[in-house]
Amino acid sequence: MPINKIFPNFDETVKDVHDGAIIMIGGFIGKVGMPTNLILALRNQGAKNLTIISNRVGGMDIDVLFEAKQVGKAIASAPVPGSRTPICPFEEQYLAGEVKLEIVPQGTLVERMRAGGAGLGGFYTPTGVGTAIAEGKGKKIIDGREYIFELPLKADFAFIRAYKADKMGNLIYRRTERSFNPIMAMAAKITIAEVDEIVDVGELDPESIVTPLIYVNRIVKIPRKKE
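Owing to the predicted nature of the structure, the values given are computational and were not obtained by experimental measurement.

Cut-offs used in this document
- Residues numbered from 1 in each chain as written.
- Predicted model: local features only at pLDDT ≥ 70, side-chain atom pairs only at ≥ 80, totals over all residues.
- Heavy atoms only, no water.
- 1 Å grid on protein atoms, 1.4 Å probe; cavity = no way out; pocket = protein on both sides within 12 Å on 5 of 7 lines; lining within 4 Å.
- Points joined across faces, edges and corners; volume = space filled by probe spheres on them.
- Helix = DSSP H or I, 4+ residues; strand = E, 2+ residues; numbered from the N terminus.
- Nonpolar A, V, L, I, M, F, W, Y, C, P; charged D, E, K, R; others polar.
- Pairing = 2+ DSSP bridges.
- Axes fitted to C-alpha atoms, helices over the stretch in contact; angles between N-to-C directions.
- Contact = heavy atoms within 4.5 Å.
- Phe/Tyr/Trp six-rings, centres within 6.5 Å; stacked < 30°, edge-to-face > 60°.
- Buried < 20%, exposed > 50% of the residue type's maximum accessible area, 1.4 Å probe, protein only.

## Considerations on the layout of surface pockets
By volume, the largest pocket is sized at about 390 Å³. For the largest pocket, the lining is made up of 15 residues, of which N37, R161, E194, D196 and I222 are closest to its centre. Elements with a contribution of two residues or more to the lining of the largest pocket: helix 2 (36-45) and strand 10 (188-199). Across the lining of the largest pocket, the residue classes break down as three nonpolar, three polar and nine charged.

Structure follows, in structure tokens:
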């Protein structure tokens, strides 16, 4: 019997997110390409002491998780906007020592997730050499240049946003949905995709599929707004 990956609503898709879970949240900056509905469902579900991995964690939809005091640590490339008044909930909690933060250069963040998804043990990169990023990390000279060793990033759950899915979980994306969502889908034990449309198997152009079904565990359709 085939596995049914289609869930009836967002609450059901996040029901088993446990306290202390590591969650990757897709998107780049702003609402476009971000799994907003999954984030709201997680806020309502109430899991605590979460580690959130995302390009940005402050000044966006993820704010609701910090407002609910559900996050214990953030791993991000650009944690907050360059200027914002008043400051976002993440920044308030970080300055108060309530939330830990690990800053990772954007290219390194992507490569660490790729390494996690590919089953690699890590990689050497020159990015961050001579800065606080390199503190406590292994170093190696390669062809006369210093590199630091970065460990892979993996997650218990990945919340991603895609344009279309077929019923087996193959995904295609639009615009900025292509930024972090595809790479995160590969690096989690359970990948949950919120999509605009679900179609029958065979309706997606195989050449357009970016994330194959093997990486996707759950699909939920975004309800259309009532006119």
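There's more to say after this.
## Quick word on the sheet that holds strand 6 (residues 139-142)
One open sheet accounts for three strands, arranged 5-7-6; its pairing is antiparallel. Both outer strands of the open sheet, strand 5 (123-125) and strand 6, are each paired with one neighbouring strand and no more. Averaged over all adjacent pairs, the angle separating strand axes in this sheet is 40°, with direction ignored. Relative to strand 7 (residues 145-150), strand 6 is paired through four bridges, and the arrangement is antiparallel. Bridge pairing links I142 to R145 in strand 7. In this fold helix 5 (residues 106-118) packs onto strand 5 and strand 7, with an angle of close to 170° to the strand it touches most, strand 5.

## Examining the packing of aromatic side chains
Within the structure shown, the criterion is met by four aromatic pairs. Ring centres of F66 and F90 lie 5.3 Å apart, and the angle between their planes is 65°; on these two criteria the pair is classed as edge-to-face. Residue F66 is located in helix 3 (residues 63-67), and its partner F90 is located in helix 4 (residues 89-95); the two are separated by 24 residues in the primary sequence. Relative to Y94, the ring of F90 lies with its centre 6.0 Å away and its plane at 20°, an arrangement referred to as stacked. One end of the pair is F90 and the other is Y94, both in helix 4 and four residues apart, which spans about a single turn. For F90, a relative accessible area of 2% puts it in the buried group.

## Focus: unusual backbone geometry
In the Ramachandran plot, N49 falls in the positive-phi region, its phi being about 55° despite a non-glycine side chain. Relative to the helices and strands, N49 resides in the loop between helix 2 and strand 2 (50-53). Assessed through its relative accessible area of 55%, N49 is described here as exposed. The backbone phi angle of R175 is positive, close to 50°, even though this residue is not glycine. Along the polypeptide, R175 turns up in the loop between strand 9 (171-172) and helix 6 (181-186). On the accessibility criterion, R175 (70% relative accessible area) is exposed.

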